[in-house]
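Remarks on the overall topology
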Amino acid sequence: MTPKNDITKRTASLRKWFTMPLVEGYDNLFQDSGIDFVVIETIILSGLNLSVST
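Described in the following lines is the structure provided in the data block. Treat the numbers as computed from the prediction; the structure is a model and nothing was measured.

Definitions and cut-offs
Residues numbered from 1 in each chain as written. Predicted model: local features only at pLDDT ≥ 70, side-chain atom pairs only at ≥ 80, totals over all residues. Heavy atoms only, no water. Helix = DSSP H or I, 4+ residues; strand = E, 2+ residues; numbered from the N terminus. Buried < 20%, exposed > 50% of the residue type's maximum accessible area, 1.4 Å probe, protein only. Expected span 1.5 Å × (residues − 1). Bend = angle between axes of the 7 residues up to and from the residue. Polar contact = N/O pair within 3.5 Å; in protein donor to acceptor, adjacent residues only side chain to side chain. Patch = residues over 30% accessible without salt bridge, like charges linked within 9 Å, V, L, I, M, F, W, Y side chains within 5 Å. Areas by Shrake-Rupley, 256 points an atom, 1.4 Å probe, with all protein chains shown as cover. Salt bridge = Lys/Arg side-chain N within 4 Å of Asp/Glu carboxyl O.

1. Topic: the overall build of the chain
Counting secondary structure elements, the chain contains two helices and zero strands. Taken over 54 residues, the chain has a buried fraction of 7%.

Structure below.
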């Protein structure tokens, strides 16, 4: 494990804080669609690379 990194923690907290209005807006938009936007939000915010190589 790496030691605690305050800069990384602060950056992640700020990213989450500033994206909350956007996330809440999309959550409201998708609320009746049957799509679990929390999953989509997690993928977007974590920056996962979902490309498939063939």
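2. A closer look at helix 1 (residues 6-29)
Its 24 residues place the ends of helix 1 34 Å apart at the C-alpha level, agreeing with the 34 Å of an ideal helix rising 1.5 Å per residue. Roughly 45° is the biggest bend found in helix 1, and it falls at Met20, with proline Pro21 one to four residues downstream. Of the residues flanking the start of helix 1, the one acting as N-cap is Asn5, its side-chain oxygen 3.1 Å from the backbone nitrogen of Ile7.

3. Some points on a nonpolar patch on the surface
A contiguous nonpolar surface patch, about 400 Å² in accessible area, is contributed by Leu14, Trp17 and Phe18. Given the relative accessible area of 63%, Trp17 is considered exposed.

4. A look at the environment of Tyr26
Among the secondary structure elements, Tyr26 is positioned in helix 1. A sequence separation of 11 residues divides Tyr26 from Phe37, and the C-alpha atoms of the two residues are 7.4 Å apart.

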